[in-house]
Each structure stands twice: as structure tokens, then as C-alpha cells.
Amino acid sequence: MHLLGPSKRSLFLALAVLLAGCRATPAPEQLNIALAVFPDEAARYDRFVADFESQHHVHVNVLAQTYTDILQAMRVQAASRGSLDLVELDLAMLGEAHEYAQPLDQIVSPSARALFSNEAWNAATIDRRLYFIPHRLMWQAMIYNRVEVPNPPATWDDLARFAREHPGRLAIKGARYEGAVCDVMPFVWTAGGTECEPNSPGSIRALDFMRQLAPDLNDESAVFREMSVLEAQARGSVWIHFNWPFAIAYLQSKGLAPYVNLSAPIPAGPDGRATPLGGGYLAIPNSAPHAKLAAEFIQYLLTADTQSKLSRDLGWYGTVPPPTGTEDAQLYSGYTAMRQFVRARPTVDCYADLSDQWRRAIRGVLFDDAAPASAIAASVLKAADRCDCAENASGEL
Amino acid sequence: MNGRARDDNGAGRTARFALEAFVIAAAVLPLYLLAKQSVSPELETFAWPPHWLPHRLTLDHFLSVFEVNELRGAILRSLAVAAISAAIATTLGAMLAHAMARSAIAQRVGFSTVSGIRLLPMIAVAIPLGTILATLGVYDSPSGIGLAIVHAAIAIPTAALTIYASFAAIPLEIEEAAWIDGASPLRIFLTIDLPMARAAIATALILCFILSWDEFGFALLVQQTNRTLPPLLYYYTVFGNVGPASALALLMMIPAVIVVVALGPSLRGALTAGSSR
Amino acid sequence: MNAAAKRLRLVFVVVPCVFMTAMLLLPALNGLVLSFDRHGPSLGNYRILLDDSMFWRALANNLLVPVGSVIVEFVLGLALALTLTARRKPSALIETAAILPFAIPEIVILTLARYIFMPRGYLNGTLVTAGMHALPWLSPRSSLAMLTVIVVDAWHVTPIVMLMLMAGLQTIPAELYEAARLDGAGTLATFRYVTLPMLRPAIVGALILRGVDALRIFSTVLVLTGPEGVPVLSTYSYSLWDDAQKPHEAMAASMILALLVTIIGSSRLLFAARYSRATGAMA
């Protein structure tokens, strides 16, 4: 220490005190939850967990992330160490993520099971073990600008006509990510195709329809994702797009719904209507530092009272439709209408690859004017073959 | 007047004034737009055509920056990561700079390493680095220590190049005199060289702090759930939260603008020596 | 000095260099190895890249955008440097305004640029209010978008180039300008025959520094257009890692970027070494 001058010595001491202070009194036990929520939703979730915090004398730390970030963190934690006790994952990731998650069969009682439909639980059950808990179930509807489009399109023909008459006003989430599949799959499904049969007449017919729409799509569709297309809708450069219920919440928070924007059912195709099931499922990752506390939190969540409170506090549409006559009923009417047409994407562990090939095919059709048959190239077919896709029945949620 | 072209004709002066006006406008106008967005309700910000003057004012966006846990955490994390990485980088950079100033071999080795390191693209390093940091237990840590270590590594070239000239300028005779008096080389370094290079070291600390504060790429890939400010601002922006994003952007500018306005001219030399992406 | 001093110098060189190598070079080498891993050693990851049209677009853009960016930086930087040094009285206001784009964090500049150039942003707002047509500044895969990206990318670093060129300008002796003026040379001729040649070392130095940095463009594209808008190798690699969850393919893409940067960077350094030997100046 004699090498350091007096000023440097005091600096060293100050640092030592600071560092010691950091390791001071033991804090109450902390539960780390990573959710795919927006920061303002995270703030509301903070308030929602206050009850649990006081009951159990713990601190719940809510981290707002994106699903892909969460999956990556989960992988890393499974391989070595991490701090996450509970994570929310997108339905599309469940197949792949189950190896990083702890089985939850013991935690979920029969009364808890009754809170959600079989379809929702089936998506979370892999190899006959339950790995995930439905946290927030969502599906897509059509978001439209009621001022510019007083009569939203109800069928494929209506949609095609709208696109022709108003070029650049219909948007598809066409970035090379899962959202592109979510936008296009309803068209594939309602034409009789499936993601596991890319070559079927229904799939080709749906892609043909998309190709027909392509020249009139908003040209930012090639980069649009949920939030960027939503911002474009808010700013009025897009008049129709497809999105999840948080889109309505976002527009409402900016004062743009129901006055300017509303939801409507996705246009019906030859085979009826369909919308992709999505949303968050909770999992306890492997190597979670506070797994027992996490299990307690899950049990706390899985009661009818808590579920109602969750919907109310977070403004999440899904578990319970809003009572008729309320503003929420008007805002979410499109979603309520689509409730019976929800369909899950296959929860197989190779889904990521299958979906990636589909994304490329979709983008080829939409932005490179590729013919559907050639867009469904060898790579999509190979991916579908490799995947042991089971048929998913659509049904009431 | 060395280097100043004496250019008195009218056309030249008009062009000059035009360019100067453009520079000032280009610096001020965007900042004004950010400031306006940060105090306007979002409904107004989304209006078309855009309003140039705010019609109503709101503090909601700034309040959300301080009320939301994640934002507060990100601010503290950015501060901690920047401070720690600047300290480490300056220390190691000073060491390297000293060796380079005193030995031709060290100069070549140091210069090659620094040049080579600067060639590495972030994305080529960050993806595999995640696994390595995970093994060390510092991937995506709440304290940001993993990122601090990475930032220290990328900042060493800046620190070394900033301090190098000051060390090279110290006459050998002073060191030799101290050596004859019985001081060890380490003691000479600590009690003679470091103080004489004070200004450059301070500049290096500041530059490394700002480099870390601003850094986006590694922060995006290494701190995925426990974020620092630049990736957080990115998410706010692309998630359509214009108001909070603008408020956050303004806050993020504070350290850098303070430094530039306060230190201005003396930063010139340092900036040109140590700049890097 | 002697053995003790040599030992100290050894430590002073080894510790920082080992630290940098361990934290940065080793992961890159690890990435290189993993890029040849596709359920076993194979070239599969690279083959898949070659089959992807977006990869080729990313590769082409990764050459076009940096070249454009460097050109803009230098033209603008030189114009600014000349303007600022032509003033008889240096103006702190203008110098600060000129340096500001560099002082502001890049992510803040990009956020601003996004709000300015987006379809319903401030630039189009100005055009429409003035009775003109809005332009698709960031329309995905368009040349205009590439131009916008080039300008915004250059904007942040123009101050650095300006500073380097100002330093160079200030070494030009006033006598040379006097002589040119007496010889009857106009502004343009003075610039061409006096300023530019004397400025060459500074220009070369700045080019070497900036040229390689520009190749590593990442956040500009990510914020302004998203990875699919004006793809470059770094965002392409990132989207393979994040959106597609394919880390080994992402590493393959990043290795191609690293190769590109190494080739261009090394040739620049060689050029610099030869140039500095020729002029006797320190690179």
C-alpha cells in the first residue's frame, strides 16, 4: 500500500467499503420471472404479484424479455448456471424447449386443469409428461382502421378486392420469423392444407392466394413484425393487418382504439375460418435456483380467482371473454368471434426447422414472386419429412 | 496562420455559411425532435402530418423511465459496466502503452495484437463468447460483470493508443535517474510514469467509459435478459413505445454530451487516435 | 534498462494481450470450429448459406454500403474540415455542433434517424406539408433504403474524419497558400494542387481506420430497417441466431464476414506500411 499516494489509498478504501456493502444484509428470497411482456405490462405484473410477495415474504422480480431471448437464456441455464426461476415461452417453442424444463405433473391439480381446455394442455404435454402451464393464451384476429375501412373484409375475395383497391394498406408480418407463419397459416388451414403437408393442394392454393395479394401489400411487409406493423397501424400508414390481442391494448393505450381501430374476424376461406393459437406458457427451467418457490407461484396462479385477477390487472384478453355491452367487448369482438376456430401449431421438437423452411417459402412467394410449387422447394418437403408431425385437431378452447 | 486558407471571395463565404448553418441545424433539429417526442402524448406523436410544436405536454414518459424496474436496473447496470470496464481497460491499456513506449518488440507485438483484435467483427465473437461466458458463470448476469469484462477487452486498444504518446514523451533520463536512486521498475512506473501521463489516463478513462456506455452489439447478445441501456432503447424503439424511447434516448445522451462540451478541444487528439466501432 | 525492467515490460505486454486474445480471439476461433460442425464435421452450414438468396444480398450489401459510407464520410468530413479551418476565428459553437453526432451514442442517432426517415416520419412530413410527395426512404430491399442507410451510417462518424482531416489541414504551411495566390490560382486550383496533395497522409490514415470499421455495420441496419430490409452479413448472422435459432449457421455467416474484414483490413495495413515507409511518417 505504501506505493500508492494518499489520495489513491482513500480511493481503495472507499471501493472496499462499497464492495463490502454490496454483500451486506441477506435480502428476502427472490423469485426471478422472465416474461414476454412490454415494460408497462411488466409494471402492472409487478403490482399483480404484490399479493404473492406479501403472503410468502419474498420478492418477485419481473423481467420483460422477448421469447427468443428467454429461450436462449434457458438453454444457457440448462447447460451451466443461471438466475431464472420461471420463464414464459411461446407455444411455437414448447416442442424444442421441453428438454430444458422441469416436469410439472405433480404441481397441477385436477381443479387447476379445469381452468384451461384440453387443447391448451395437450400442447404443453410432450411424451406424456406436462412441462408447461398456460399463462396467457392468445390467437390472432384482424386489426382494421374503422375510419378508412367501415366494412372490414369477411372473405378471401373481400380481402383481395380491398388490397387491389387500396394498394399498400394491407400488411403481412413478413419478416423472416415465426410471425410470418402465424399470418399465413390461417390461409393454409382454411384452404385445407397443413404445415406438415406443404405439397398438398390446400397449401398450394393458399400460397397462390398470397401471391395474388403480394403486389398490393404494404411494401414494409418484408420487414414487419408484430410491433412494427402495429406502430404503422397506429400511425395510419397501414389499415388492415393481423395481430394478437395486445395489439388492441397497445392501440387503446395510445387513444387509437376503439375510435380509430377495431378487431374483426380473420377473413373466411374455402374451408371456413382458422386462427393460430399462441401465447405464453410458463416453465420452471432446469437449474432454477428457487424451484420450490416457483412451483408455489404456479399453484398460486392456477386458481380461478387469480386467473380473473390476472386478466383484469394486466388487461389480457383470452382466458375469459369480456362481458357483452362493455367497451372491451367491442374492442375484442374480432377475437371473441375467432375463439372457436383456434388451432395449435404442432409441438414437435423439429418445429423450428420446419417453420424456418416455411418462412423462406412464404417470403419467396410474397416478395420474390416465386410460384408456390417451386417455393415449396425440396427443403420444405425434407423438413416436413424429418418432422414427425402429428395432426392437430382444431376445436373449442 | 498555419493551414488556414485565406478565402475571401463571395461564393466561397456563402458556401461556408450554408454548410455551417446546415451543421448547426443538423445537430440541433434532431435533438429538438427527440425532446418534443419525450414530452408529447403519444397520440400526438402519431398524428399525421407530424406536429412541429407540441400541443400538450406530459411528464409521463420520463416518469415511466424511473418507475419501471427494468429501466432503473438498466441505468444502474450501464453505469456499473461502463465504470468497471473503463477501470480495467485503462489499467491494462496503460501497462501495454508503457511497454510499447519502451521497447520496439513490445511495440510491434502490441500494435499487431491491437490491430488484429480491431479486425474482429462483433458478431463473430459474441455468439461463441456467450457459451464461454456461460461456463464462467457470468453470461447474462444481473450485475453485467460478463459484459464489463468484454467491454474491457475491446476498450484496451483505445486506452493504449490514447496513453501511448504520453508515455513515449517521458524522457528516459528521468526514469534512469530514479533507477539509479534504487527504485524498482514497477515503482518507477507507478510513481513517475503514471502521474506524468495523468491527463492521457483521465482521457482514456473517459473514452473507455463512453465506449462501454454506447456499446450495442455485445450488449445485445451477452446481456439478454438483464439489459444495459443501448439494447433497451433499441427494444423500446422497435416496439413502438415512442415516448419512453425518446425520454430514454435523451437521458442516455447526458454523459457523452457533458464530456464533449466540457472537454471539447482536448478530446480531439484522443478521439482520432482511439476511435473504433 | 536491465533484466528487472525487461521482466516488467514482459508482464505489461503479456497480460493485456493474453486478456484481449482470450476474450476476443479465442471465441472467434471457437466460432470458426463450430461453423464446420453440423451434427459432425461438415461444410453443410456454408452450403446452406450459399443456397440462400438473402446471404448473397447480405454479402453484396456488405461491400456496397461501407464503400458508400466511406465516400460520404470523406466528402462531408473534408467539406467540414475545410469550412472550419477557413474561418479566421475558430467557432466553439460550430465545432461542438460538428462533433455532436459522434458524442451522441450511436443508438440514439439511429433512433432519431428512424423517426425521421420512416414512412410517416418527419422528413416525409416536411415533404407532404410542403405539397410534395412522400418518398419510401426505408422501403425494404430498395436502392433508396441503401442510400438512407449509407447516409445515416456515415453521419455518426463524419466528425472523426473531419477531425483527422483538420489535423492534417493545420500542418499545411500558410506560405504554400500565399504562393498559390500570388501565382493567380483560384479556389479550385488551390484545392487541387496544394490542399489535396498535402492532405494525402491524413486521408490515407483516416481511410485505413474508417474503411475497416465501416465493414462491421450492424446496429444501423438493425434499427433503421430490420435484418430483412438492407441485409448485411452481421445482421444476417444475427437473424440466423435469433430468429431461426440456428447458431452454427450464424457462426458460418459471421466467419465469412470475419474473412472479408481480414482480407480488406490486412491489405489496408500492408498498404499503410508501404506508404509510411515511402513517406517516412509513422502510420
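Residues numbered from 1 in each chain as written. Chains lettered and ligands numbered in written order. Predicted model: local features only at pLDDT ≥ 70, side-chain atom pairs only at ≥ 80, totals over all residues.

Enquirer: What is the right way to look at the overall build of chain C in this model?
Expert: Within chain C, the regular secondary structure consists of 12 helices and 0 strands. Mapped in sequence order, the helices and strands of chain C form the string α-α-α-α-α-α-α-α-α-α-α-α. Principal-axis analysis of the C-alpha atoms gives chain C an extent of 75 × 75 × 30 Å. The proportion of buried residues among the 283 residues of chain C is 50%. (Helix = DSSP H or I, 4+ residues; strand = E, 2+ residues; numbered from the N terminus. Buried ≥ 20, exposed ≤ 12 C-beta atoms within 10 Å, placed from the backbone.)

Enquirer: Just checking my understanding: could you explain the overall build of chain B for this structure?
Expert: Each helix and strand in chain B was counted, giving 13 helices and 0 strands. Element order for chain B, N to C, with α for helix and β for strand: α-α-α-α-α-α-α-α-α-α-α-α-α. Counting only residues that meet the buried cut, chain B has 53% of its 277 residues in that class.

Enquirer: Looking at this structure, how should I read the confidence of the model for chain B?
Expert: Low-pLDDT stretches of the model should not have their predicted coordinates read in fine detail. Overall, the prediction assigns chain B a mean pLDDT of 86, with 90% of residues at 70 or greater. For the stretch residues 1-5 of chain B, pLDDT sits under 50, and the model shows 17 contacts to residues farther than four places along the chain or on other chains. (pLDDT = per-residue confidence, 0-100. Contact = placed C-beta atoms within 7 Å.)

Enquirer: Looking at this structure, how should I read the sheet that holds strand S9 (residues 261-264) of chain A?
Expert: Backbone-to-backbone hydrogen bonds join strands into a sheet, with any given pair of strands oriented parallel or antiparallel. All names here are of chain A. Taken in spatial order, the 3 strands of this open sheet run S8-S7-S9, and their pairing is antiparallel. Edge strands, defined here as strands with exactly one partner in the open sheet, are strand S8 (240-243) and S9. Here the average twist between neighbouring strands, direction ignored, is 30°. Summarising the sheet, strand S7 (residues 141-145) and S9 pair through 4 bridges and their orientation is antiparallel. Across the sheet, Ile-143 pairs through a bridge with Ser-263, a residue of S9. (Pairing = 2+ DSSP bridges. Axes fitted to C-alpha atoms, helices over the stretch in contact; angles between N-to-C directions.)

Enquirer: Got a minute to help me understand the interface of chain A and chain B in this structure?
Expert: A common way to state how big an interface is: give the accessible area lost once the parts meet. In this complex, chain A contributes 30 residues to the contact, which on the side of chain B involves 23 residues. Counting only elements with at least two residues in the side of chain A that touches chain B, the list comes to helix H2 (39-48), strand S2 (59-64), helix H4 (67-79) and helix H11 (226-235) of chain A. The dominant element in the side of chain A that touches chain B, judged by the number of residues it contributes, is H11 of chain A, at 6 residues. Of the residues that constitute the side of chain A that touches chain B, the class distribution is 17 nonpolar, 7 polar and 6 charged. (Nonpolar A, V, L, I, M, F, W, Y, C, P; charged D, E, K, R; others polar.)

Enquirer: Just to check I follow, could you spell out unusual backbone geometry for this structure?
Expert: The general pattern is negative phi for most residues beyond glycine and trans for most peptide bonds. Cis peptide bonds are those with omega within 30 degrees of zero, and the linkage from Ala-257 of chain A to Pro-258 of chain A qualifies with 0°. Tracing the backbone through its elements, the reader meets Pro-258 of chain A in the loop between helix H12 (246-253) and S9.

Enquirer: How should I be thinking about the pairing of strand S6 (residues 133-139) of chain A in this particular structure?
Expert: The two faces of the sheet receive side chains in turn, since in a regular strand these alternate between them. Residues and elements named next belong to chain A. Burial analysis of S6 places 7 of its 7 residues in the buried class, which makes it a mostly covered element. Inspection of the sheet shows S6 paired to strand S10 (residues 275-283) by 6 bridges, in the antiparallel sense. Bridge pairing links Leu-137 to Gly-279 in S10.

Enquirer: I tried to follow helix H13 (residues 291-301) of chain A on my own but got confused; where do I start?
Expert: Two residues of an α-helix separated by three or four positions point the same way, owing to the 3.6 residues in each turn. Every buried residue belonging to H13 of chain A is among Leu-293, Ala-294, Phe-297 and Leu-301 of chain A, and all of these are buried. When H13 of chain A is viewed along its axis, its buried side chains cluster within an angular range of 100° and face the same direction. (Arc of directions from axis to C-beta.)

Enquirer: Would you mind going over the interface of chain B and chain C with me for this structure?
Expert: Residue-level contacts link 79 residues of chain B with 85 residues of chain C. Looking at which element gives the most residues to the side of chain B that touches chain C, the answer is helix H13 (residues 242-274) of chain B, with 12 residues. By residue class, the composition of the side of chain B that touches chain C is 53 nonpolar, 17 polar and 9 charged.

Enquirer: What's the story with the domain arrangement of chain B in this structure? I'm lost.
Expert: All names here are of chain B. For chain B, the assigned domains are domain 1 (10-58) and domain 2 (61-274). Centre-to-centre, using C-alpha coordinates, domain 1 lies 32 Å away from domain 2. Contact with domain 1, which involves 7 residues of that partner, is made by 8 residues of domain 2. Within the residue set of the side of domain 1 that touches domain 2, elements represented by two or more residues are helix H1 (10-39) and helix H2 (42-45). (Domains from an automatic or database assignment.)

Enquirer: It is not clear to me how the pairing of S8 of chain A should be interpreted in this structure. Could you clarify?
Expert: All names here are of chain A. Alternating positions in S8 separate into two faces, Ile-240 and Phe-242 on one and His-241 and Asn-243 on the other, with burial throughout. Examined bridge by bridge, S7 and S8 share 4 bridges and lie antiparallel to one another. Counted as the bridge partner of Ile-143 is His-241 from S8.

Enquirer: Help me understand the domain arrangement of chain C, please; the structure alone is not making it clear to me.
Expert: Residues and elements named next belong to chain C. Taken domain by domain, chain C consists of domain 1 (1-35) and domain 2 (43-279). Between domain 1 and domain 2, the C-alpha centre-to-centre distance is 31 Å. Residue-level contacts link 5 residues of domain 1 with 7 residues of domain 2. Of the residues belonging to the side of domain 1 that touches domain 2, the class tally is 3 nonpolar, 2 polar and no charged.

Enquirer: I would appreciate a short explanation of the nonpolar core in the present structure.
Expert: Note that soluble globular proteins tend to have their nonpolar side chains buried in a common cluster. In terms of nonpolar packing, the biggest core is built from 298 residues, with Leu-89 of chain A, Ile-163 of chain B together with Leu-165 of chain C touching the most fellow members. Per-element tally for this core: the top contributor is helix H4 (residues 69-102) of chain B, with 16 residues. If we skip the residues at most four places from it in the chain, Leu-89 of chain A touches Tyr-67, Ile-70, Leu-71, Leu-94, Ala-97, Phe-132, Gly-280, Tyr-281 and Ala-283 of chain A. (Core = buried A, V, L, I, M, F, W, Y, C linked by C-beta atoms within 7 Å.)

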